[in-house]
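Summary of structural features
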Amino acid sequence: MRTLTRPVLLMLAALVVAPLAHAATTYAPTPVNGGAGGGTVTAIAHWQIQDSAKAQEGGAAISAAGFSTRDWYPVSGRATVMAGLLENGKFPDVFHSDNLRAVQVPDASGQLFVNPWWYRSEFTLAKSAAGTHTLLRTNGIVASADLWVNGHLVADHGAIAGAYPVHEFDVTRWMHAGVNVLALRVHPADPRRALTIGWVDWNPTPPDNNMGPWRGVDIVQTGPVELRFPHVTSTPSLPDLAHAALTVTVQARNLDTVAHAATITGEVAGVSLRQTIQLAPGQTQAVTFSPGTDPALTLSHPEIWWPVGMGEHPLYDLQMAATVDGATSDKAGTRFGVRSVSSHLTKQGYRQFVVNGKPLLIRGAGWAPDLFLRDDPARMEAEFSYVRNLGLNTIRSEGKLEDQRFYELADRDGILVLAGWECCDMWESAAKTGGKPWNETDVRTARESMASEARLLRNHPSVIAFLIGSDNAPPPGIAKMYVDTLHAEGWTLPIIAAAAAQATAETGPSGMKMTGPYAWVPPSYWYADKQGGAFGFNSETGAGAVIPRLEDLQRMLSPQEQEALWKYPQTRQYHASAAWSPFASLAPFDNALATRYGAPKDLADYVAKAQLDNYDNTRAQFEAFNAHMEAARPATGVIYWMLNNAWPSLHWHLYDWYLNPAGAYFGAKKANEPLHIQYAYDTHGIVLVNHAPDDARGLQVHVRVRNLDGSVRYERKLQGIVLAGNHAQQVATLPALAGLSRTYFVELELAAADGRPLSRNVYWLSIQADRLDWPHSNWYLTPLTQYADFTALQSLPGAASDVRASVRREGARDIATVTLSVPAASRTVALFQHLSIKHPGDGQPVLPVLWSDNDVTLWPGESLTLTAHFAAQGTATPVIEVSGWNVPSRRVPVTIEHPAGADQGTTH
């Protein structure tokens, strides 16, 4: 069990947002922390790796003491082959331009990744007490491996196969005090032919197909009785949540060739547990504690775990031990939350999730790990801080499932997780006509994968379902195997046939739709009652291209690629999608951008227009689902495709690979405010949204419609509004107005009863509407017969903006406070002002950074204060820059705020 105690920003201080690179090092053997008491787990910290074409000796020799690893590559404990080579600097700058292509060119010894690769590691054992067993635990290998220890073959690749199965092997008979040797012969991966990991059209395929021990290998030391798979099921009373029944199970396994009596003890939620069992040689037995055996396991007034925005996220600890002959043989533990999860189908047939008796709108995005599956705890912390800052409540993992740390962060932060298998490769081949049929070995690997993932996920309150298919539901036999395996592992959560509108006999209909889009559509699309519009549960959807900020484009693209991006819309970009994919060309996005905003004049102009579009479109997607959460055809969930990218990309993300928030990020953040005011494209209504569970009373609304010159054409104020919790309510409708400029603005403000600002939202609209050509829709886009016209925005005069900025230090973080003001005498709107924090030396962005708001629009006489949290920058004063659509980019003087009693700050 791992406990997370450090605040997120302490870890963010160590985050380097750049391709991971480590100097080659020779590592000492991993010390195994055994000793009295049993129950230790030690991760293999480092390996030496080499291509078997160069290391041609057999496993007995390679796993023997004294074997020379001269010219082998030293790598970290969870490195895939490609990740390990990057650690050693073999392929520099693979994320820039198309440099990754070169990795796939054969070197002098032939193609790098067609042969098995050797992984070799040494570890030291102390002299063990009598009865101690040493186990090797593999946590998933891509694609498969032969395992050797100290010259002995323990298991071959028929027994160790698949990205997800966890296997344990008792290697006690081959162990000795001192240095021991472990070797893996890792076999090449092909996601079309093995149940591993594939990338479809998200990005280029890693040249090694992610071959290697990507989740690591552990050395386990235990006494004669091992404890495995502790599990707590909580059943809170509904609707009052006044009580919760806990059921605790753990698996006890006798590793000896003689019988043992074992006393199993535990502590959970202040309740002590105790049972004595008899185990025959080699016997495994499930040990269960429930309110029937231990009445105290019915808790009174339990601490209830809630999703983010609905309440707190408290966690309980379970600690267990097995005692044999008066000595501790093994220990096990887990953390869990008390909560209830269920789902049902609406009368229209769509999936509705209910947590602790309360339905909620799922507002999430799709997760992508690093392209080379590199383990980076600080980066993962940063990404979860972004999910919270975005106001999302869910992450969907379509395959490429993460390890324990990911779910611990989700538990801590109240972020729901929709886990499931991936599409389009071996995982779904048996479901496709003409796909590779599964043999008995494949079915066994899939069963072992499902069992291992169930054990990993089932204690985490953040996990709310498992999707046994993605684009396709499994065929009947495999679907039944998955469901039976989940139930055998004590799974109590919803099991969903697929992310598409399909069904299996065991699960019933999925209640989800996968109708796109995946490429550009206008904001009004999301309010339609067709295709991917805001009704039901859309499991993956987005408007395609998402353009990073200029500084990121300049470090990910070559000069030629940068020029093509804004000048030649039909060009297929390596950083857009897989080469064969329709998404490798950004033509739908580029054509819409040029028609709606005007043809780009250069790269900077292209980026500026793209940020407006990405903000507007992403905001509309989430807002449409907000507005329709209680409609006649209710919206129950939306998964934005995607949250992040596996590498620097021009497609599908809310924040880019460099963790640099841009237009899409701030559009999503705006739409997902807890209390929010928004404009509805379908009804021209003003809608209030309350994602919190409690009612909001005495709300005040201020609506203005402005022409391009800033003149107010319509104004209305509303007061005393009551907005129920978990509810959306239309409070006004904009009338048809004469005399509007071709491009005009709607400015919305929501305030509390005391006047405190709660939400502010600005739209740029056109009297010429986008018209969708619905009959010609396909699976990834709907074309248009007419585009909205925002070209007049190009004629806005330059705007003045007064900026006051200060920075204060709080522990390991800096907090910037920036006030933007447009002088009353100014001539025009200051459109889409963006604030950035930069390093004073090289001018690069300080990342990650958490803004309260950004990309904001102000009229003369208006003012807005924003804050940003980021890792402390030492003694250097960070630089704050402001820019905008019609606001010139400039650096802002920064006042340093010192703690009380310190010298007064100066302006830099």
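Keep in mind that this is a model prediction, so the values were computed, not measured.

Quick look at the overall build of the protein now. The number of helices and strands found in the protein is 14 helices and 49 strands. The C-alpha radius of gyration of the protein comes to 29 Å, within 12% of the 29 Å expected for a compact globule of 908 residues. Projected onto its principal axes, the C-alpha coordinates of the protein cover approximately 90 × 70 × 70 Å. Counting the 908 residues in the protein, one finds 62% classified as buried. Residue pairs at least 24 apart in sequence account for 71% of intrachain contacts in the protein once pairs closer than 6 positions are excluded. As displayed, the protein has an accessible area near 32500 Å², and 51% of this comes from carbon and sulfur atoms. Placing the 70 positive and 84 negative side-chain charges of the protein at their respective mean positions leaves the two points 2 Å apart.

Counting through the fold element by element, Asp370 comes out in the loop between strand E23 (362–366) and helix H5 (377–390). Judged by relative accessible area, which is 15%, Asp370 ranks as buried. Side-chain polar atoms of Asp370 contact the side chain of Arg374, separated by 2.9 Å. When residues no more than four places from it in sequence are discounted, the contact partners of Asp370 are Phe95, Trp199, Ala646 and Trp657.

So, on to the environment of Val807. One can find Val807 in strand E41 (residues 802–810). In this structure the C-alpha to C-alpha distance between Val807 and Leu831, which are 24 residues apart in sequence, comes to 25 Å. If we skip the residues at most four places from it in the chain, Val807 touches Asp814, Ile815, Ala816, Pro878, Ile880, Val894, Thr895, Ile896 and Glu897.

Attention now moves to the packing of aromatic side chains. Applying the stated criterion to the full structure yields 47 aromatic pairs. Geometrically, the ring pair formed by Phe67 and Trp72 is edge-to-face, given 5.9 Å between the ring centres and 70° between the ring planes. A residue is classified by how much of its surface remains accessible, and Phe67, at 17% relative accessible area, is buried. A relative accessible area of 10% places Trp72 in the buried class. When the ring of Phe622 is compared with that of Tyr640, the centres are 6.0 Å apart and the planes differ by 25°; the resulting orientation is stacked. With a gap of 18 residues between them, Phe622 in helix H13 (residues 603–627) and Tyr640 in strand E31 (residues 635–640) connect regions that are remote in the sequence.

As a volume, the second largest pocket reaches approximately 750 Å³. Forming the walls of the second largest pocket are 33 residues, and the residues nearest its centre are Glu673, Pro757, Leu758, Ser759 and Arg760. Secondary-structure elements contributing two or more residues to the lining of the second largest pocket are H5, helix H14 (663–671), strand E34 (696–706), strand E35 (712–723), strand E37 (743–751), strand E38 (757–766) and strand E46 (863–871). Partitioning the lining of the second largest pocket into residue classes produces 12 nonpolar, 12 polar and nine charged.

So, on to the sheet that holds strand E20 (residues 341–345). Taken together, three strands build an open sheet; the order of strands is E20-E21-E22 and the sheet is antiparallel. Each edge of the open sheet carries a strand with a single partner, namely E20 and strand E22 (358–359). As paired strands, E20 and strand E21 (residues 351–355) are joined by five bridges and run antiparallel to one another. Counted as the bridge partner of Ser342 is Val354 from E21.

About the cut-offs
- Residues numbered from 1 in each chain as written.
- Predicted model: local features only at pLDDT ≥ 70, side-chain atom pairs only at ≥ 80, totals over all residues.
- Heavy atoms only, no water.
- Helix = DSSP H or I, 4+ residues; strand = E, 2+ residues; numbered from the N terminus.
- Rg over C-alpha atoms; globule rule 2.2 N^0.38 Å.
- Buried < 20%, exposed > 50% of the residue type's maximum accessible area, 1.4 Å probe, protein only.
- Contact = heavy atoms within 4.5 Å.
- Areas by Shrake-Rupley, 256 points an atom, 1.4 Å probe, with all protein chains shown as cover.
- Lys, Arg positive; Asp, Glu negative; His and termini not counted.
- Charge placed at Lys NZ, Arg CZ, Asp CG, Glu CD.
- Polar contact = N/O pair within 3.5 Å; in protein donor to acceptor, adjacent residues only side chain to side chain.
- Phe/Tyr/Trp six-rings, centres within 6.5 Å; stacked < 30°, edge-to-face > 60°.
- 1 Å grid on protein atoms, 1.4 Å probe; cavity = no way out; pocket = protein on both sides within 12 Å on 5 of 7 lines; lining within 4 Å.
- Points joined across faces, edges and corners; volume = space filled by probe spheres on them.
- Nonpolar A, V, L, I, M, F, W, Y, C, P; charged D, E, K, R; others polar.
- Pairing = 2+ DSSP bridges.

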